[in-house]
Amino acid sequence: MRTNEEMARLQAAVSALGDLDVSAWPEAALKDQLGQLSAALVALDALLTRVADDVRARGLRIEEPVSA
């Protein structure tokens, strides 16, 4: 089912972002990649906002998972 594939891709993206640690990047590398990093973060923010707005438009809430 396409929905399962989309959720798997979303989980893979979350995992990839979880592995990203810019605090470990050398200063020169961060400065060199800052333009691309900024563009990716802005695009990601816009896409997450769109998905969240689509969910809310259907009358549903987005809730943080409760910690165990």
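Anyway, here's the lowdown on the structure attached to this text. (Residues numbered from 1 in each chain as written. Predicted model: local features only at pLDDT ≥ 70, side-chain atom pairs only at ≥ 80, totals over all residues. Heavy atoms only, no water.)

1. Overview of the overall build of the protein chain
Helix and strand counts for the protein chain come out as two helices and zero strands. Computed over C-alpha atoms, the radius of gyration of the protein chain comes to 16 Å, more than 25% over the 11 Å expected from 2.2 N^0.38 for 68 residues, which places it beyond the range of a compact globule. Structurally, the protein chain occupies a C-alpha span of about 45 × 25 × 25 Å along its principal axes. Across the 68 residues in the protein chain, those meeting the buried criterion constitute 3%. Surface accessibility of the protein chain: about 6200 Å² in total, with carbon and sulfur atoms responsible for 59%. Here the protein chain contributes 7 positively and 11 negatively charged side chains, and the mean placements of these two sets differ by 8 Å. (Helix = DSSP H or I, 4+ residues; strand = E, 2+ residues; numbered from the N terminus. Rg over C-alpha atoms; globule rule 2.2 N^0.38 Å. Buried < 20%, exposed > 50% of the residue type's maximum accessible area, 1.4 Å probe, protein only. Areas by Shrake-Rupley, 256 points an atom, 1.4 Å probe, with all protein chains shown as cover. Lys, Arg positive; Asp, Glu negative; His and termini not counted. Charge placed at Lys NZ, Arg CZ, Asp CG, Glu CD.)

2. A closer look at a nonpolar patch on the surface
A surface patch of nonpolar side chains, about 270 Å² in accessible area, is lined by Met7, Leu10 and Val14. Tracing the backbone through its elements, the reader meets Met7 in helix H1 (residues 2-19). (Patch = residues over 30% accessible without salt bridge, like charges linked within 9 Å, V, L, I, M, F, W, Y side chains within 5 Å. Salt bridge = Lys/Arg side-chain N within 4 Å of Asp/Glu carboxyl O.)

3. Focus: the pattern of salt bridges
Taken as a whole, this structure holds four salt bridges when the rule is applied. Across the pair Arg50 and Asp54 runs a salt bridge, and its minimum N-O distance is 3.4 Å. With a gap of four residues between them, Arg50 and Asp54 both fall in helix H2 (residues 27-57), about one helical turn apart. Judged by relative accessible area, which is 45%, Arg50 ranks as partly exposed. Residue Asp54 is classed as partly exposed on the basis of its relative accessible area of 41%.

4. A few points about H2
The first and last C-alpha atoms of H2 sit 42 Å apart over 31 residues, in line with the 45 Å expected at 1.5 Å per residue. At Leu34, H2 shows its maximal bend, which comes to roughly 55°. (Expected span 1.5 Å × (residues − 1). Bend = angle between axes of the 7 residues up to and from the residue.)

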